Structures are given as C-alpha cells and as structure tokens.
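Descriptive analysis of the structure
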Amino acid sequence: MKTYTKSEFRKVLETKLMNKRTATLEESTDNDIFYAICSILKDEINQAGVDTRHHNIEAKRRQINYLSMEFLIGRLIESNLLNAGLLDVCNEVLTELGRDPKKIYSEENDAGLGNGGLGRLAACFLDSIASLGYMGNGFGIRYRYGLFEQRIVNGTQIELPDNWLQEVYPWETRRIEEAVPVNFGGQVTSEVLEDGNLKFTYSNQETVLAVPYDVGVVGYDNDNVNQLRLWSAELPHDTIDHGDNKNRLEHMQSVERISGFLYPDDSTEEGRFLRLKQQYFLVSSTIQTLINQFKERYQLPVTDFHKYHCIQINDTHPTFGIPELMRILMDEEGLGWDDAWHITTHTFAYTNHTIMQEALEKWPVYQVQNVNPRIFMIINEINERFCKSVYEAHPEMRDKIGDLAVISNNVVHMSKLAIVGSFSVNGVAALHSEIIKDYTFNDFYKLTPEKFNNKTNGITHRRWLMTSNPELSNLISDTIGNNWVKHPQELTQLMHYYNDDAFLDRLAEVKLHNKKALKEVIYNKTGIEVDEHSVFDVQVKRLHEYKRQLLNLLRIIYLYNEIKRKPSIKIQPITFIFGAKAAPGYHIAKEVIKLIHAVANVVNNDTDVDNRIKVVFLENYNVTLAEDIMPAAEISEQISTASMEASGTGNMKMMMNGAITLGTMDGANVEIAELVGKENIFIFGLSSEEVINYQLNGGYRAEDIYKTDSRVKNAMDALINEQFGRNYAFNDLYYHVLTNNDPYFLLKDFNSYVDIHLTAMATYQDKRKWNQMSLTNIMKSGQFSSDRTIQQYATDIWKLN
Ligand code: GL7
C-alpha cells in the first residue's frame, strides 16, 4: 500500500474533505475528518483487495472460508490505519492540525455483530489470517441491528436497539451483482430417472435475495487484503405480489427480518424459527457463491472443490452448510451421494466452543423441515447412513447408536451432524479439548479419534496491545526493538529486564497512566470518582451464572462486612470494575446486575469504608470499552466454575496488558498458569475433575456449607437481610443458589476465593515484585496472539500454503 509523508497525507485529506464533504480543513467537523480518512483508506484497501484476489486466483491458492453467525469487529479505523502503515502519519497530521485523533476515531460506530468471545474470536482470526498472508475470507450476516445497547436505569438493565447502520458504514461495499437466491420452505418431490438415479424437484419455495456487503480485511504490513462478506436479506425485485402495495411492503419487511437482528443470547439455544432461517440463509448464500466462483475461476471439475476450499464452521451455527453443500453437489451438479459426501467431509471442519448442555444446539425436526425440506431429507439420509456404518463397522458400539444418532426424539443434534460431516473437530483450549474427548463427545472420539484436536484461542496483539495500549507497546519497542510486532513470541526478550529497576518503574508508570485514563472514563460514564492508586480489579465479560459474577459480589460483601465489623482494619484500597450484558430473557443474570448496583450504592457511599473499596459497573460493555479497560487492569478475574469456560479470551487480553490473573483452573487459564508459573498467577477453587466428579455423582451438599460456615452464611444472608435492598430485593438470587443445590459451586469455592484475594492484596504491597509478575505475564503473552492460533489452524487443519 502507498506510504505517505505528512504533507502528502495532509494534502490527500484536504482533497477528500473537499470532494466528499465539501468542506475545508478549517471548517470540517470530526465526523467529516473521520469519513475523509476512511475514504483515503478505502481507496488503498480496494486496490490492494483487487490485487490480492487476482494474485490468489492466478496462483490457485487454497482458500479458507470462515463461516460464523457472529463477527464482533468493533471499530476498524485504527486497526486499518495500523495495518495499512498509516497510523503514525495520520496521528501526527491530526495532532499538528490541532485535532484529537482519539476523538476523531470515536466517530465510528462499534460494529457489534456478535455476543461475546465467540464473535470476537472470529474478528481476531480474520485479522491474523490476513496478517499472516493467507487467503481466507469470512462470511457472516449483516444484521440491521447488532447486539443490543445496554442502558442501566435504577440499577436495572434496559435493552435498546443497536442502530449501527444509522450513518453510512464506511468500510462496506454493496455488491448487488453478486447477490444469490436462497430458497426456503416449499415441497420436494422425487422421480426415478432412467439411469436409476433420483431427481428432486422443489416447488412453492419462498425465494429471498442474499445481497453481499464486503468489508476489506487488511493484513499488517503485507498488502494482503481479504474480505469479510456480510449477507443482507432482500426481496427479489421480480417477486410478484398479488394485491396492493401494502402487501408488498409487508412481504418486504418479513424478508428483511431474516437479517434484521442478532439474537442476543450468548450461550443458550434460542428456539426461534427465525434464527434457524438466519443460519440457513448464511450457509446457502455462502456455499452457492463458493461453488459458483470455483467453477468460474478455475475451470476444474467440481469434484476438486475440497482441494481448493476448506470451510471452518464457528460452533454449530453454520452446520447446515454440510447438507447444503451435499444438496448443491447432488441436485445441481449431478453428483452421486458417495462423491458428494467425499467432497463435503473433506471440506468442513468444526470448532466447538462450549460444553454447556443448554448451548449445544438442538432443533425440532419439523422446524428444520419448514426451513427447507430438502435439507432435512439430506440430514436424515446422513443419519441413516451413519448409524448403519456404526452398526456394521463397530459392533462394540451398537448399543451406543441411539446416543450417536444425529436425529433422535424428533430433534436434530447439530453438534453430532457437525462431527459426522467434518474431517476435523477442535476445542478452543487444551483442557476443553480433553473434556470434549473424555466426556462431551466421548463416543464419537472412540469412533474417529483422528478427527479430534485442540487449537487454543488467541487474540490479535495488534488491536489488544498495539492500538489499545500504545504506551506499553512503545515501551516494549523502545526496550527490545520491534521484532515482536511480527513475531509476538519474541516478547520473551523482555525477560532480560526482569531485574532492571528503571524498566520496572517505567512499566509501572505506563500502568498508572492507563489507570488514570480509565478513571476519566469511569467518571464520565458513572460520576464515580475512583482512586488511581487503588488496585484495579476487573471482571468484564457476558453475564452468566457459570462465569460467577455472583461469587465476586459475595467476596465484596465479605470484605465490606469485615470493614463494618472493624472500621479501622488495614486494607489495600481496591476498585472493583464490572462490565457485562445479560441476555434480555435471563432473569437471574439481570438480578446479578441489580445486585452489583445495589452493592455499589451502599459500599461507595459508606463513610466507614472511606473510599477504600469502590464498586463500578460500566454499562454497555463492548469492544470499544474493552479497549479502554484492558490496558488499565491489574487483576484479571477469571473465576468460572472449573470445566465450564471453554477458553476465555478476556483472560488473554488482560494478561497481555500486564494484569495478573486471579482465577480457577479452567479454560485457557490452565495454559496461562503453565506459561507464567504458579508464582505469577493466583489460582483457587475446585479443579475441573472435582467439579465433573461432583456432577456425575449428583452434586455436593450446598446446604451443609451454608449452615456450618459462618463466612459463607454471612455473605449469603446479606442477600435477604435488607443490607442491600428493601423488601427482599435479592430473594431470587439467594433461593436460586440454595434450592438448586448451587450448581456453579459458589459456596464450595467461596473460602478459597476470599483467601486467594487476601494473598493477592498482600503481594501487591511489594511493588517491585508485582511489577515483575506483571512483566512475566506480558512477556509470555505472545503465545496467545491469534497469529499463533491461526498458524496452527493453517498447518494442521486447513493445509494452506
Ligand atoms: C465461547 C466460550 O464460552 C468462551 O470460553 C470461548 O473463549 C469463546 C471463543 O472460543 O467461545 N462459546 C460461546 O458460545 N461463547 C463464547 O464466548 C459465546
């Protein structure tokens, strides 16, 4: 891509402002400048995108296609500027013009087309695929409304629509000429042809037009630009509507609803027909396109498709891609079952992101039939053939066929379909991948052990260190040079500074600087004044019982009551920072948000506390807010019930920014602990084995702990004794834990949690030691760059060159 001197950049900025916004530099608003910068960038990105495509086609490069119902991309301006090599010059020019770059960049709406970790992972992966120079495109849905905007009113979560497309989205290009029809519903009939094969005819289907919007994905410093293609549903213009315009309008609206909004539920199956239609809409449009492009570009027989394409499905949501590819190969390309199945099962690879039963998708047969009857027929056939093959080839597994079946009790099990139709099944952290093999999919593992593998998640260090924490990034480059930027594992070079007091002091200064910046954010958003010299203890993630924000609160309540008991007690001042969206229908999660606010209200205003504890809830936690929070975190709360958090990625973001993890041996925490050593992390609680053993044996007796342990009882009783609210405000939480026998082991882990907290606070008193711990975490975090993850996917699964 083109490089610019400052004067060149200023000049092109002026030209863009004049042409696109009819404004001079002097009279232009931040918004004008934002769009002008986007336009400069987009010219570069478009050109490089075309060059990349031509080059890839010419070289017949193998392509990875990442299919995901979610891409939580956040803002792109800084990331695009960085990767295009224009961030420094742009910052300098803006500053010289007396403009604040951060303010200008914040004109961009945060594209929230995802719920949480799964969607953000997809975005980090695209960045790494492009930055490593691979040919790989993302395919998702251009939701008209992304994840809801959270407002807190009197401590209660209110959801507002996320109208992210209100202003022109500068990064997308509509490509109506590449729109494809997607067919829903109708009937299927079959007839036997002369050669004995079956021919299927569809009738009465509803056709929806899938219109692609492409967003360039810019690789770092390599001129490689891939695409994220987001599909939007429209009424085909040749649709004949009988009746009046009103009917047509209603018809149009019902079609557009297919890409209308993102389901705001990050871990439970959303039993809605529309969601199912969204899934089919994504895979049908994508796979038709891949087949069309393949035929058009390579003039090769379609039987070679899998040699040039791999499709990674991000969780089970795009699993209908498997029967859809079968459908196209058989019904449109005329292949027989065996050839089509060979191609399909050499094309698809499946990533599992959760073992939570309620999140493993299961769809009623009649709904799948309604979405597309032919797709159901194919799933049925896959199931029959699969069960038969187990019966014949694995007599020892015959009594397991009922559990293995893709369809049972009139339900389609998406994870089973994904496993049967894929050549690779991976978990997202070492522990999670073991649990999948040993428990969740153990029978499948016994059948096809070679399919199962691990790919520990990662995060792009370009966004999560370089652009969100430039102070730390600069300090690192000043100290060890900038090789680490392209080889993040070289952050380990920092180990030479482990005993360098001057360096450790600079590290501490950077942290203090970032804490001051977050303090400002907190004050502006909440009016709460926090002390930048207190410990910043952070738990930011979706609100879910298994993530145990409630355990964090019980600990805060314990500390508060200790102060009430003895106000002169010496404690390390601490600021507890929360950020979390709850699924709108998730009552208990919303009660926890209320409790956070109730506790904050009491603790922050109690003169006995004397500002030694502050509790802050930052509303509308999203990618942009995360970029403010991560650099300032000192303690990273990763306290899920062991075995339940598949990986976590917030843990990696905070580690990379020098926070110390305080957590359970769960998900990727296990690998963080291994890397940094137990002296540089605070681990507590039950192990995953212990949790699973309790679960297999009917749980533990929560009542007993509650009755006999006074620390536990006092903290729990605060939920019902009016300490934080009148009229039994938190009864639901209290009884939810006790009458369900505490399925997330809050009470069981409470004491070890309180104890490890006290250990952490004692450790904090030794500033030098703390800085060394922080440094250790930073220098080991290169392992969690998504570049490492993608390199592993590319080599082991995708076989990219
Ligand atoms: C998740 C897991 O819960 C999370 O632990 C993991 O880091 C993430 C990415 O692999 O995937 N699974 C899931 O359904 N969501 C996640 O964040 C929403």
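Computed from a prediction, not measured in an experiment: that's the story for all the values here.

How each quantity is defined
- Residues numbered from 1 in each chain as written.
- Predicted model: local features only at pLDDT ≥ 70, side-chain atom pairs only at ≥ 80, totals over all residues.
- Heavy atoms only, no water.
- Near = heavy atom within 4 Å.
- Polar contact = N/O pair within 3.5 Å; in protein donor to acceptor, adjacent residues only side chain to side chain.
- Areas by Shrake-Rupley, 256 points an atom, 1.4 Å probe, with all protein chains shown as cover.
- Pairing = 2+ DSSP bridges.
- Helix = DSSP H or I, 4+ residues; strand = E, 2+ residues; numbered from the N terminus.
- Contact = heavy atoms within 4.5 Å.
- Axes fitted to C-alpha atoms, helices over the stretch in contact; angles between N-to-C directions.
- Buried < 20%, exposed > 50% of the residue type's maximum accessible area, 1.4 Å probe, protein only.
- UniProt positions renumbered as here; feature names shortened; annotations may be inferred.
- pLDDT = per-residue confidence, 0-100.
- Salt bridge = Lys/Arg side-chain N within 4 Å of Asp/Glu carboxyl O.

Take the site of the ligand next. Surrounding the ligand, one finds Gly117, Leu118, Leu121, Asp266, His353, Val428, Asn457, Tyr546, Glu645, Ala646, Ser647 and Gly648. At 2.6 Å from an oxygen atom of the ligand is found a side-chain nitrogen or oxygen belonging to histidine 353. In isolation the ligand offers 400 Å² of accessible surface; the protein chains occlude 94% of this area.

Time to look at the sheet that holds strand E21 (residues 574-579). Whenever strands of a sheet pair, they do so through backbone hydrogen bonds, lying parallel or antiparallel. Strands sit in the order E22-E21-E20-E23-E24-E25 across an open sheet of six strands; the sheet is parallel. Every interior strand has two partners, whereas the edge strands, strand E22 (613-617) and strand E25 (682-683), have only one. Pairing geometry for strand E23 (residues 635-638) and strand E24 (residues 660-663), over four bridges, is parallel. For serine 636, the partnering residue across the bridge sits in E24 and is threonine 661. Against the sheet, helix H23 (residues 587-604) touches E21 and E22, its axis set at about 145 degrees to E22. Docked against the sheet, helix H32 (residues 767-780) engages E23, E24 and E25, running at close to 90 degrees with respect to E24.

Another point: helix H15 (residues 414-421). Most of H15 sits inside the fold, with eight of its eight residues counted as buried. Within the sequence span of H15, burial applies to Met414, Ser415, Lys416, Leu417, Ala418, Ile419, Val420 and Gly421.

The residues that UniProt annotates with the feature "modified residue: N6-(pyridoxal phosphate)lysine" (unreviewed entry) are Lys653. On the secondary structure map, lysine 653 appears in helix H25 (residues 650-656). Setting aside chain neighbours within four positions, we find lysine 653 in contact with Arg120, Ile459, Trp464 and Met630.

This part covers the pairing of strand E8 (residues 180-184). The side-chain alternation of E8 yields one buried face, formed by Val180, Val182 and Phe184, and one unburied face, formed by Pro181 and Asn183. Where E8 and strand E11 (residues 206-218) come together, five bridges link them in antiparallel fashion. When the sheet's bridge partners are listed, proline 181 is paired in E11 with leucine 209.

A few words now on the sheet that holds strand E15 (residues 362-364). Taken in spatial order, the three strands of this open sheet run E15-E17-E16, and their pairing is antiparallel. Of all the strands in the sheet, the pair left with one neighbour each is E15 and strand E16 (407-408).

This part takes up the environment of serine 39. Position of serine 39 among the secondary structure elements: in helix H2 (residues 30-58). The residues touching serine 39, leaving out its near neighbours within four places in the chain, are Lys16 and Lys20.

The next subject is the confidence of the model for the protein. For the protein, per-residue confidence averages 97 on the pLDDT scale, and 100% of positions sit at 70 or higher. Reported for the predicted complex are a pTM of 0.98 and an ipTM of 0.96.

Moving on, we come to the pattern of salt bridges. Applying the stated criterion to the full structure yields 47 salt bridges. Of the charged contacts, one joins lysine 564 and aspartate 606 as a salt bridge, the two residues approaching to 2.8 Å between their closest N and O atoms. Residue lysine 564 is located in helix H22 (residues 549-565), and its partner aspartate 606 is located in the loop between H23 and E22; the two are separated by 42 residues in the primary sequence. When its relative accessible area of 34% is taken as the criterion, lysine 564 is described as partly exposed. The salt bridge partner of arginine 711 is aspartate 755, with a shortest N-O separation of 3.0 Å. You can see arginine 711 sitting in helix H29 (residues 710-717) and its partner aspartate 755 sitting in helix H31 (residues 746-764), a full 44 residues away along the chain. For arginine 711, a relative accessible area of 23% gives the class partly exposed. One salt-bridge network, held together by shared partners, links Arg175, Glu178, Asp214 and Arg229.

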